[in-house]
Amino acid sequence: MPRRFGFYFHSLTFWICVAIVAAVVLAVLFPRVAMATEIGGELFLRALRMLVVPLVFTSVLCGVLALGDVRRLGKPGAYAVLYYLLTTVVAVLLGITLVNLIRPGSGTVPSERMEEFGGQNARTTKRQIINHLARATDLPAADIAEVMQPLPDGQPLSPQIRDIARGLSLMLVSDNLLAAAVRNELLPIILFAMVLGGVLTTIPQQVQTLTAVIQQANEVMMRLVLLLMKLAPLGIFCLVAARFGTAQYEDQLLTELRQIGWYFATVVGGLAIHGCVVLPALYWLVTKRNPFRFAVGLSRALLTAFSTASSTATLPLTIQASMSAGVSREATEFVVPLGATINMDGTALYEAVAVLFIAQALGIPMGLEQQWIIALTATLAAIGAAGIPEAGLVTMLIVLGAVGLPVEYIGLILSVDWLVDRFRTAINCWGDAIGAAVVDRLAIGGDHRNPPSVASHGPQS
Ligand code: ASP
């Protein structure tokens, strides 16, 4: 066998691709059989999620410890936040431009079908939306109802921006770290790990043993990730087969896509431009390296993001793949976990497109001022979205509310959201990895060339 072909044949990415194609074929031909693989996917997802909290805690601590001094965190921290904000705003503006040019909503939904979504059955539909979101996100239905309750039937809620900002700042700190861990709320854990790491660096002599324990624990967590990655093709096969099998069995995907195909094309097209042009260009400008080679290095994480629709569940792989693609440990361990929770370019772009699509479908004109409100709230809503399946749909309710669109109308995009979610999650993870590389180059001075020790044990892309 030629050497080159042998490389692809042995690579994890190759087998993940095979798994995805095989799963889609199985789902199309034998949907009921495909649906029966659901348990395998759920087990894989749970195993990934199980690693997230301990891995985030040890890796953020190690990232800060590797910097050596808490004062050295200021520059990379500022660059990271700047990068998150800049790329999210660019993604939102790109989405708004595309949706105004393509106008996917105009005339897509025949007026007689509108009755189904709004009008008299509004209340029932609201309940259906809550049930759908609770099922997709695993969040308690009461929490989602709480988001929906104050949202209007027709009244703009501009003061909400202040409320969103308040909610976002409260997300940073928890009064109970264990409760945050139980709920997989990563921001308080990251903040605590940063402060703890900072304190440890001020008394290095006294905490040598503790520092060694943290570093060893992190190394062990990375080994567990590598172990789990060996099961990735199987887990991904089950996840994709079960979800596509359900769609095929219910026989609604193609019908819905025919109806709102232009909406789907606008979101996926926007994500493609952001992921294949904007982010690679930024990567190239800053690091002067080939972004497509970096994408190949990240491919197993991106495919896992597509399959799980969860950037939190993919986080262990994004950390591992970024390091083996040459980003320094310091940058990866601190920028990627933070990015997985607050940097969601794909979600921001999608929220802007979806809200304007709904307005277009309803024939409600959105002026410049309202489009600015959408841009601002979509940016904040994406920062606040959790890295779990369809969380973007929950926070999109806030954007709808901010411009006075009735929330019932998300029924228009509900049935294809699980598919759109996979594309936006992959872009979210891609943005996190590029962010780590950019911060590495600009603020840590990494040459982004020498993979650290853990990479040498990792499987090839
Ligand atoms: N599923 C996405 C993520 O985990 C969030 C979203 O629904 O947009 O990144």
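Everything below is about the structure shown above.
Predicted model, so just to flag it, every value in this text is computed and none were measured.

Draft legend 1. Helix α20 (residues 391-402), seen in detail. In this model, α20 (twelve residues) spans 18 Å end to end at C-alpha, consistent with the 16 Å of a helix rising 1.5 Å per residue. A large share of α20 lies buried, amounting to twelve of its twelve residues. Three or more residues of α20 are buried, namely Ala-391, Gly-392, Leu-393, Val-394, Thr-395, Met-396, Leu-397, Ile-398, Val-399, Leu-400, Gly-401 and Ala-402. Looking one or two residues past α20, Gly-404 carries a phi angle of roughly 75°, positive in sign.

Draft legend 2. Geometry of the pattern of salt bridges. In the structure shown here, the tally under the stated rule is seven salt bridges. Two residues, Arg-329 and Glu-219, come together in a salt bridge whose shortest N-O distance is 3.6 Å. With a gap of 110 residues between them, Arg-329 in helix α17 (residues 329-342) and Glu-219 in helix α12 (residues 208-229) connect regions that are remote in the sequence.

Draft legend 3. Representation of the packing of aromatic side chains in the model. If you walk through the whole model with that rule in mind, you get nine aromatic pairs. Considering the side-chain rings of Tyr-283 and Phe-294, the 4.7 Å spacing of their centres and the 10° angle between planes classify their relative orientation as stacked. With Tyr-283 in helix α14 (residues 253-287) and Phe-294 in helix α15 (residues 291-308), this residue pair connects regions lying eleven residues apart in the sequence. Measuring from centroid to centroid gives 5.8 Å for Phe-294 and Trp-430, while their planes differ by 35°, and the two rings are tilted.

Draft legend 4. Representation of unusual backbone geometry within the structure. Phi is positive for Arg-103, which is not a glycine, with a value near 50°. The residue Arg-103 is located in the loop between α5 (74-102) and α6 (111-117) in this model. Located in the positive-phi region is Glu-390, a residue other than glycine, with phi close to 60°. Structurally, Glu-390 can be placed in the loop between α19 (368-384) and α20.

Draft legend 5. Structural detail: the site of the ligand. Taken together, 16 residues lie near the ligand, and Ser-311, Thr-347, Gly-392, Asp-421 and Arg-424 sit nearest. Glu-390 places a main-chain nitrogen or oxygen 3.5 Å from an oxygen atom of the ligand. Within the side chain of Thr-425, an N or O atom sits 3.1 Å from a nitrogen atom of the ligand. Coverage of the ligand by the protein amounts to 100% of the 270 Å² it exposes when considered alone. Secondary-structure elements contributing two or more residues to the shell around the ligand are α20 and α22 (417-444). For the shell around the ligand, the leading source of residues is α22, giving four residues. Here the shell around the ligand is composed, by residue class, of six nonpolar, seven polar and three charged.

Draft legend 6. How the structure looks around the packing of helix α16 (residues 311-324) against α22. As a packed pair, α16 and α22 sit with axes 10 Å apart at the nearest point and diverge in direction by 40°. Here the hand of the crossing between α16 and α22 comes out right-handed. Where α16 abuts α22, its residues Ser-311, Thr-314, Thr-318 and Ser-322 lie against Thr-425, Asn-428, Cys-429 and Ala-433.

Draft legend 7. Representation of the environment of Ala-181 in the model. Among the secondary structure elements, Ala-181 is positioned in helix α10 (residues 177-182). It is 9.5 Å that separates the C-alpha atoms of Ala-181 and Val-52, two residues lying 129 residues apart in sequence. Not counting the four nearest positions on each side in its chain, Ala-181 is found in contact with Val-53 and Ile-189.

The rules we used
- Residues numbered from 1 in each chain as written.
- Predicted model: local features only at pLDDT ≥ 70, side-chain atom pairs only at ≥ 80, totals over all residues.
- Heavy atoms only, no water.
- Helix = DSSP H or I, 4+ residues; strand = E, 2+ residues; numbered from the N terminus.
- Expected span 1.5 Å × (residues − 1).
- Buried < 20%, exposed > 50% of the residue type's maximum accessible area, 1.4 Å probe, protein only.
- Salt bridge = Lys/Arg side-chain N within 4 Å of Asp/Glu carboxyl O.
- Phe/Tyr/Trp six-rings, centres within 6.5 Å; stacked < 30°, edge-to-face > 60°.
- Near = heavy atom within 4 Å.
- Polar contact = N/O pair within 3.5 Å; in protein donor to acceptor, adjacent residues only side chain to side chain.
- Areas by Shrake-Rupley, 256 points an atom, 1.4 Å probe, with all protein chains shown as cover.
- Nonpolar A, V, L, I, M, F, W, Y, C, P; charged D, E, K, R; others polar.
- Axes fitted to C-alpha atoms, helices over the stretch in contact; angles between N-to-C directions.
- Left-handed = near helix turned anticlockwise from the far one by under 90°.
- Contact = heavy atoms within 4.5 Å.

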